[in-house]
Amino acid sequence: QVQLVESGGGLVQAGGSLRLSCAASGRTFTTAMGWFRRAPGKERDFVGCITMSGGDTYYADSVKGRFTISRDNAKNMVYLQMNSLKPEDTAIYYCAARRAGRGTIATDVTDFDSWGQGTQVTVSS
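Residues numbered from 1 in each chain as written. Predicted model: local features only at pLDDT ≥ 70, side-chain atom pairs only at ≥ 80, totals over all residues. Heavy atoms only, no water.

Honestly, the overall build of the protein in this entry has me stumped. Any pointers?
On a plain count of helices and strands, the protein comes out with 0 helices and 11 strands. Listing the helices and strands of the protein from first to last along the sequence gives β-β-β-β-β-β-β-β-β-β-β. A principal-axis box enclosing the C-alpha atoms of the protein has dimensions of 40 × 25 × 25 Å. Expressed as a percentage of the 125 residues in the protein, the buried residues total 46%. Sequence-distant contacts in the protein: of pairs separated by 6 or more residues, those separated by 24 or more amount to 59%. (Helix = DSSP H or I, 4+ residues; strand = E, 2+ residues; numbered from the N terminus. Buried < 20%, exposed > 50% of the residue type's maximum accessible area, 1.4 Å probe, protein only. Contact = heavy atoms within 4.5 Å.)

Can you help me understand the nonpolar core in this one?
One recurring pattern in soluble globular proteins: nonpolar side chains tend to sit buried together. Membership of the largest hydrophobic core comes to 34 residues, with the highest contact counts inside it found for L4, M33, W35, F67, L80, M82 and Y93. Residue assignment for this core shows that the elements contributing at least two residues are β1 (2–7), β3 (18–26), β4 (33–38), β5 (44–50), β7 (67–72), β8 (77–82), β9 (91–98) and β11 (119–124). Top element by residues in this core is β9. It accounts for 5 residues. When neighbours within four sequence positions are excluded, M33 is seen to be in contact with L4, C22, G48, C49, I50, R71, V78, C95, A96, A97 and F112. (Core = buried A, V, L, I, M, F, W, Y, C linked by side-chain atoms within 4.5 Å.)

Can you walk me through the sheet that holds β3 in this structure?
Backbone hydrogen bonds hold the strands of a sheet together, and the pairing may be parallel or antiparallel. On the basis of which strands lie adjacent, the open sheet formed by 4 strands has the order β1-β3-β8-β7 and antiparallel pairing. Each edge of the open sheet carries a strand with a single partner, namely β1 and β7. Averaged over all adjacent pairs, the angle separating strand axes in this sheet is 20°, with direction ignored. (Pairing = 2+ DSSP bridges. Axes fitted to C-alpha atoms, helices over the stretch in contact; angles between N-to-C directions.)

So this is what it looks like as C-alpha cells:
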C-alpha cells in the first residue's frame, strides 16, 4: 500500500476556494488517484479521479465545472482545487490510491485500496 496524507482543509465562505493536497509515500506512485468525501450522516461519495499519467480526469456531477484534480508525479502529489464552494460541499475529504498498476479511472470506493486520514472542509453560507 501507499501512505497518503491530505492537507489544506479549513473553513471558507460560500463562493470561496480551497486547494487540497495529498502527499503519497511508500510504493512507487504508479496508480490512478481519487478524491472522495463524507458529509455528516452520509456515505463516502466519489468526487473525482485522475489517471496515472494525469492525462484524464473524471468528476461527479455535483462538482463538475467547479473542482479540478491535478497531480505532480515527480513530487508524488495530488491536488484538488475547489472553486465556487457551496455549503453542501461541507465534508471530510479523502485522498485514495488504486492498487499498483491500476492507472485508469475508477469511481467506486472498492476500486481504491489506500486511503488518507481525511481533511475537513467546512463551507459557511
